[in-house]
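Now for the letters of each chain:
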Amino acid sequence: MKAIIWMRADSRLQTLRKAFRIEDYRIAQDNSKTLANMIKERAIKLASHASDLESCREKRRAKKGEIAECEEELESLGGKKADLDGKVTTLREKVDALRKSTESLVKAAGEVPLLEADIKDKNGEVVNLENEVEELASETGKLQPELEKLSTVQEPTPKTEDELKEELRTARQKEREMRSAQDVIGAKISDYESVERNKVCPTCDRPAEPEEFEEKIRLKKEEKGKALEEVDACEGRIKEIEVLQDSLREYKKAQDRLQSLAERVKKNQERMEKAREKAQKLNEQVTSARDRLEKARQHVEEFNRISAQIDGLSKELKEDELQLTEVEKAISGSQRTHEMQTREVDELEMEIQAKEKERKAAERLREYQMWLEEFFVPTLQSIETHVMMNINMEFNQHFQKWWTMLVDDPGKESRIDEDFTPIVEQDGYEQDYNYLSGGEKTSLALVYRLSLNTIVQKVSAGIKSNLLILDEPTDG
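Residues numbered from 1 in each chain as written. Predicted model: local features only at pLDDT ≥ 70, side-chain atom pairs only at ≥ 80, totals over all residues. Heavy atoms only, no water.

### Describing the overall build of the chain
Then, in step 1: In terms of helices and strands, the chain carries seven helices and three strands.
Then, in step 2: Along its sequence from the N terminus, the chain presents helices and strands in the succession α-α-α-α-α-α-β-β-β-α.
Then, in step 3: For the chain, buried positions account for 29% of its 476 residues.
Then, in step 4: Taking as baseline every contact in the chain between residues at least 6 positions apart, the subset at least 24 positions apart corresponds to 81%. (Helix = DSSP H or I, 4+ residues; strand = E, 2+ residues; numbered from the N terminus. Buried < 20%, exposed > 50% of the residue type's maximum accessible area, 1.4 Å probe, protein only. Contact = heavy atoms within 4.5 Å.)

Below you can see the structure in the form of structure tokens.
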């Protein structure tokens with residue numbers, strides 16, 4: 001908001017003139033003066049341009065006499081041209097007939113280098129295809145031993161990896177159970193042997209007969225031996241399953257590699273078949289191209305013979321055409337002279353008419369110039385002065401109203417001068433607004449901006465307020 005306050009007075013006034021649309025009057029005045037000068041220059045130019053009107057009328061009479069002489073010369077040259085036209089036409093017909101007979105021969109002659117290049121390219125392509133077939137066959141041969149070796153790998157078990165994992169889990173679980181049972185039996189045997197030695201029950205401290213526990217110890221030892229056998233059997237099964245898992249993984253790797261190699265061999269065979277078919281087609285095309293090449297060479301010989309005949313007739317035709325060209329140039333020169341003379345007469349007629357109009361236009365333009373300079377421009381100046389004074393007065397009223405509302409200091413007053421520069425007075429003395437406080441500067445800028453907004457909305461149709469400024473609305 002403060003930007004317009006800190007402007008230089010002339011820059012601020014220029015900006016406001018544009019905002020108030022006052023600049024239109026100054027532009028209209030400048031344009032009117034420019035237009036008046038242009039009209040004045042145009043009137044002088046028109047009057048000067050029409051000063052040689054009588055001389056133009058004399059030139060027109062002389063040019064009409066020259067036109068009559070040129071028409072007689074054109075009539076004589078026309079007879080010579082008719083004779084040469086007949087002779088040239090006959091020779092051209094003969095040459096055209098021979099050239100038509102060579103059109104197909106020219107095409108055949110142009111095909112010779114193309115056919116030769118095509119044959120060379122196709123032969124080279126055939127060689128490349130044969131090399132490709134040989135390379136693919138060699139690669140397939142190298143892969144064959146590995147294919148045969150992999151195809152002999154047998155599946156170690158019909159079971160899946162998941163089934164083997166489940167069996168391994170079961171065997172390990174059983175092994176843990178047997179070892180746990182073995183530990184329990186061992187503990188029981190220790191208890192029985194303690195009773196046998198001490199002849200006292202460790203649980204109830206009663207006396208016990210050792211003979212009663214001998215049989216129990218024997219049975220428990222047999223039970224422990226069976227548990228140990230079960231543990232050994234589980235360990236053997238676990239090792240067997242782990243070996244099967246390793247073998248099954250190796251088998252699957254072999255099958256994946258076998259499938260990959262089989263697909264590669266299949267692709268090689270397909271590529272070899274396609275290459276052989278393409279090579280066969282290219283060989284057939286080469287044979288056909290060689291037949292066409294032989295015919296094209298025969299056509300070239302015929303073309304050379306007819307071309308020699310055409311050269312002889314063309315030489316004779318060229319001599320007659322040179323004579324005809326000379327006559328046509330003479331006719332063309334006379335026609336251009338005639339056209340130029342006729343055009344000059346027409347231009348003189350137009351120039352005479354234009355000069356007569358220019359004299360009348362120069363007089364009319366002088367009247368326009370007088371009206372612009374003596375009436376229109378002074379009127380615009382008067383209108384601009386009155387409009388600017390009215391806007392300045394109204395702007396000042398709004399400025400003072402907003403100042404009173406926004407600055408709560410009875411000792412300070414503010415107004416604007418004729419250049420729309422804000423003037424602040426403190427107890428009757430003017431105060432430079434550079435020395436105002438930050439809040440007063442902001443208030444001054446806001447007052448100026450609100451006043452400007454009111455005037456601009458009034459003088460500029462279509463501009464609406466769409467901005468609300470709040471000073472610390474959430475304070476308290």
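What follows continues from the structure just given.
### Section: unusual backbone geometry
Then, in step 1: The backbone of R21 sits at a positive phi, close to 65°, despite the residue not being glycine.
Then, in step 2: Relative to the assigned elements, R21 resides in the loop between helix 2 (9-19) and helix 3 (23-49).
Then, in step 3: You can call R21 partly exposed: its relative accessible area is 46%.
Then, in step 4: For F420, which is not glycine, the phi torsion reads 65° and is therefore positive.
Then, in step 5: For F420, the location among the structural elements is in the loop between strand 1 (412-416) and strand 2 (422-426).
Then, in step 6: Its relative accessible area of 0% is what places F420 among the buried residues.

### A few points about the packing of aromatic side chains
Then, in step 1: Per the stated rule, a full pass over the model turns up six aromatic pairs.
Then, in step 2: Considering the side-chain rings of W371 and F376, the 5.3 Å spacing of their centres and the 20° angle between planes classify their relative orientation as stacked.
Then, in step 3: On the basis of relative accessible area, W371 is assigned to the partly exposed category, the value being 47%.
Then, in step 4: Taking 6.1 Å as the distance between ring centres and 80° as the angle between the ring planes, the aromatic pair formed by F399 and Y448 counts as edge-to-face. Note that F399 is positioned in helix 6 (residues 211-406) and Y448 in helix 7 (residues 438-459), a separation of 49 residues in sequence.
Then, in step 5: Residue classification places Y448 among the buried positions, given a relative accessible area of 0%.
Then, in step 6: Members of the aromatic cluster, joined through ring pairs, are F20, F395, F399, F420 and Y448. (Phe/Tyr/Trp six-rings, centres within 6.5 Å; stacked < 30°, edge-to-face > 60°.)

### Remarks on the side chain of D417
Then, in step 1: Within the fold, D417 resides in the loop between strand 1 and strand 2.
Then, in step 2: Of the side chains with opposite charge, R12 lies nearest to the buried D417, which makes no salt bridge, at 6.3 Å.
Then, in step 3: Of the polar contacts made by the side chain of D417, one reaches the backbone nitrogen of T421; its length is 2.8 Å.
Then, in step 4: Those residues within four positions of D417 in sequence are excluded, and the remaining contacts are N392 and I423. (Lys, Arg positive; Asp, Glu negative; His and termini not counted. Salt bridge = Lys/Arg side-chain N within 4 Å of Asp/Glu carboxyl O. Polar contact = N/O pair within 3.5 Å; in protein donor to acceptor, adjacent residues only side chain to side chain.)

### Remarks on a negative patch on the surface
Then, in step 1: A cluster of acidic residues, E69, E71, E72 and E75, forms a negative patch at the surface.
Then, in step 2: Checked against the element boundaries, E69 lands in helix 4 (residues 53-151). (Patch = residues over 30% accessible without salt bridge, like charges linked within 9 Å, V, L, I, M, F, W, Y side chains within 5 Å. Areas by Shrake-Rupley, 256 points an atom, 1.4 Å probe, with all protein chains shown as cover. Charge placed at Lys NZ, Arg CZ, Asp CG, Glu CD.)

### Some points on helix 2
Then, in step 1: Those residues of helix 2 that sit buried are R12, L16 and R17. Seen from one end, helix 2 has its buried residues packed into an arc of 140°, which puts them on one side. (Arc of directions from axis to C-beta.)

### Some remarks on the nonpolar core
Then, in step 1: Membership of the largest hydrophobic core comes to 23 residues, with the highest contact counts inside it found for F20, F395, F420, L444 and Y448.
Then, in step 2: Among the secondary structure elements, those contributing two or more residues to this core are helix 1 (3-6), helix 6 and helix 7.
Then, in step 3: In terms of residue count, helix 7 provides more of this core than any other element does, seven residues in total. (Core = buried A, V, L, I, M, F, W, Y, C linked by side-chain atoms within 4.5 Å.)

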